[in-house]
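Structural features, examined
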Amino acid sequence: MTVILKANGPADLLAMAPPMVGFLPRNSVVLVAFRGKRTCGAMRFDLPASGDRVVHKRIVTTIVGMFCKLPAVDAAVVIVYTDDEFGGGDAIPQADFADVIGRRLQLSGFEVRESICQAADGWASYFDSEVPVGGHPLAQIAESTVARAIADQRGLFPTPATMTDRVPRAEKSQRSRMSKRLAAYQNLVTGLDEQDGNSPPGVFTVLGDIPIFAEGALAWDAAALDAEGALLVFALQGPPVRDLVMLQWAFGLEAGDRLWERDPREGPFDGPDDADLANLMIGIGPRPDPHRIEGALALMLELTSRTEDVNRPPLLCMLAWLNWALGHGTQAGLHLDEALAIAPTYSMAQLLESMMCTGVMPEWAFERAAPPN
């Protein structure tokens, strides 16, 4: 559903931006993209830690280069969020950085319709020649026309993401049950290794067709999640299952079937026939299904909350990649940070860090989405 809100000034734009990026940014710059008179998305980037103008220019080159990939965009609004303060003066914080990014956008052919700072103690437009001492009150944002409209139509907007350093823990009883079942499954596997020729225990029967098992997991209710969740977590502890399921949840059952048909001993993406699947991992290919990914994220957050640290890294890496595939780079980074804090040498976390820390986003994030049927 398309939501139409009319912004009548900078305070309205400041009220509009957080729902667009999914949370209230801090120490960030948000570029709100326009096609004609209507917004079509927003991109968030960290503010540079350095105040050096040379550093600013280098960072802005990357930011504007990514913004240029957005199709048919002709204008932007720049919003700087900073913990800096006006401090009783009329000098707007981060003015040098805002000037650099505004000039670079204009040189790249974009109209800069507004440039605003939301500081810790007030807000102001960089275009305003008469900034009040201390900036405008932050209360004006909450009282703006757009803020009231969002409050009245909250169901039409995505729920703002809760940005936390780690996935919250579930109740102790749920975590205990998950740990006991994972230990039991590991004991069964160890027993199989020691007794060659024995058929797998019946509990592993559903893992004979991983794609079907993973596909069904997207539709689990609470009872099914309690009954089968630990088995899925156990299966996801390493490649190729981890990668297979992640791609399948993003791109569909066919992608899962294709990957699982390979010999697992060859690794997930070693041959020329798998070039397209390897490209999907790095963001090159058709746009994934956002509804499938959102369902997978909800499932994985619940399973991760029930899982102790020792088994969390693969799940956190999947959460990171799935968020990244949706263009949610900030949330992806938080999951990846947690994975690396638990297991600094975990190979998938290191790979994703090398890919994401440069600010690279999947190519499909810059494609114009097809209109809904």
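Above this text sits the structure in question.
Note that this is a predicted model, so its numbers are computed, not measured.

Calculation criteria
- For every chain, the first residue of its written sequence is number 1, and the numbers climb from 1 along that sequence.
- With the structure being a predicted model, the display of local features is reserved for residues of pLDDT at least 70 and the display and counting of side-chain atom pairs for 80 or more, all residues being used for whole-chain, interface and lining totals.
- Side-chain measures here rest on the full set of heavy atoms in the structure, leaving out hydrogens and waters.
- Helix numbers and strand numbers start at the N terminus; a helix is a DSSP run of H or I with at least 4 residues, a strand a run of E with at least 2.
- When accessible area is computed with a 1.4 Å probe and restricted to protein chains, residues below 20% of their type maximum are described as buried, those above 50% as exposed, and intermediate ones as partly exposed.
- The contact criterion used throughout is that any non-hydrogen atoms of two residues lie within 4.5 Å.
- Surface accessibility follows the Shrake-Rupley procedure with a 1.4 Å probe radius. Residue values consider only the protein chains on display as shielding.
- Regarding the arc, it is the one traced by the directions from the helix axis to the C-beta atoms.
- In this description, a line fitted to the C-alpha atoms serves as the axis of each element, helices being fitted only across the stretch in contact, and the angle between N-to-C directions of two axes falls anywhere from 0 to 180 degrees.
- An angle below 35 degrees is treated as roughly parallel, one above 145 as roughly antiparallel, one from 65 to 115 as roughly perpendicular, and anything else as oblique.
- Less than a right angle of anticlockwise turn of the near helix away from the far helix marks a crossing as left-handed, whereas a clockwise turn marks it as right-handed.
- To estimate the expected span of a helix, subtract one from its residue number and multiply by 1.5 Å.
- Counted as a polar contact is a pair of N or O atoms within 3.5 Å, where, for protein atoms, one must be capable of donating a hydrogen and the other of accepting one, and residues adjacent in sequence contribute only when both atoms are in side chains.
- Lining residues are those with an atom within 4 Å of a point, where the points come from a 1 Å grid over the protein atoms alone and group into cavities, where a 1.4 Å probe fits but cannot get out, or pockets, open sets with protein on both sides within 12 Å along at least five of seven lines.
- Grid points are joined across faces, edges and corners, and a volume is the space filled by probe spheres set on the points.
- Charged residues are taken to be Asp, Glu, Lys and Arg, nonpolar residues to be Ala, Val, Leu, Ile, Met, Phe, Trp, Tyr, Cys and Pro, and polar residues to be all remaining types, Gly included.
- Pairing between strands is defined by DSSP: at least two bridges between them are needed.
- Between rings of Phe, Tyr and Trp, where Trp is taken as its six-membered ring, a pair exists when centres lie within 6.5 Å; planes separated by under 30 degrees are stacked, by over 60 edge-to-face, and by other angles tilted.

Overview of the overall build of the protein chain
Summing up its helical and strand segments, the protein chain has 15 helices and five strands in all. Split into buried and exposed, the 373 residues of the protein chain put 45% on the buried side. When contacts within the protein chain are restricted to residue pairs at least 6 apart in sequence, those whose partners lie at least 24 apart make up 70%. Carbon and sulfur atoms form 53% of the exposed surface of the protein chain, whose accessible area is close to 18,600 Å².

So, helix α15 (residues 347-356)
Every buried residue of α15 is listed here: M348, A349, L352, M355 and M356. Buried residues along α15 cover an arc of 125° about the axis, so they all sit on one side. Counted as exposed and oriented over 90 degrees from the buried face of α15: S347 and L351.

Considerations on the packing of helix α13 (residues 313-325) against α15
For any two helices packed against each other, one specifies the inter-axial angle together with the distance between the axes. Relative orientation of the contacting elements α13 and α15 amounts to 25°, with a least axis distance of 10 Å. Here α15 runs roughly parallel to α13, going by the angle between their axes. Here α13 runs over α15; the crossing is left-handed. Two secondary-structure elements touch here, α13 through C317, A320, W321 and W324 and α15 through M348, A349, L352, M355 and M356.

Concerning helix α2 (residues 53-67)
Residues spaced three or four apart along an α-helix face the same direction, because each turn holds 3.6 residues. With 15 residues, α2 should cover 21 Å at 1.5 Å per step; its first-to-last C-alpha distance of 20 Å lies within 8% of that length. Residues V55, H56, V60, I63, V64, M66 and F67 constitute the buried set of α2. Elements in contact with the buried residues of α2: β1 (28-35), β2 (38-46), β3 (75-81) and α3 (95-107). For α2, the capping residue at the N-terminal end is D52, with a side-chain oxygen 2.7 Å from the backbone nitrogen of V54.

Comments concerning the side chain of S115
Take S115: it is sitting in strand β4 (residues 111-118). Residue classification places S115 among the buried residues on the basis of a relative accessible area of 5%. The contact partners of S115, leaving out residues within four places of it in the chain, are V78, A98, S125, Y126 and F127.

Let's talk about empty space enclosed by the protein
In the structure shown here, the tally under the stated rule is two cavities of 30 Å³ or more. Size it by volume and the largest cavity reaches roughly 90 Å³. If you trace the largest cavity, you find it lined by Q174, R177, M178, R181, L225, D226, G229, A230, L303 and R306. Listed by contribution, the elements that provide at least two residues to the lining of the largest cavity are α6 (172-194) and α8 (222-235). Across the lining of the largest cavity, the residue classes tally to four nonpolar, two polar and four charged.

Quick word on the sheet that holds β1
The pairing of strands in a sheet happens through backbone hydrogen bonds and is either parallel or antiparallel. In spatial order, the strands read β2-β1-β3-β4-β5; together these five strands make up an open sheet with mixed pairing. One side of each edge strand has no neighbouring strand; the edge strands of this open sheet are β2 and β5 (123-125). This sheet shows a mean twist of 20° between the axes of neighbouring strands, independent of strand direction. Bridge analysis of β4 against β5 gives three bridges, and the strand direction is antiparallel. Paired with Q118 across the two strands is W123, which belongs to β5. Docked against the sheet, helix α1 (residues 10-21) engages β1, β2, β3, β4 and β5, running at close to 85° with respect to β3.

Observations concerning the packing of aromatic side chains
Summed over all chains, the structure comprises eight aromatic pairs. Between F204 and F234 the ring centres are 6.0 Å apart and the planes differ by 10°, which places this aromatic pair in the stacked class. On the criterion of sequence distance, the pair formed by F204 in the loop between α6 and α7 (210-217) and F234 in helix α8 is long-range, its members being 30 residues apart. With a relative accessible area of 17%, F234 lands in the buried category. Taken together, F251, W321, W324 and W364 form an aromatic cluster joined through their ring pairs.

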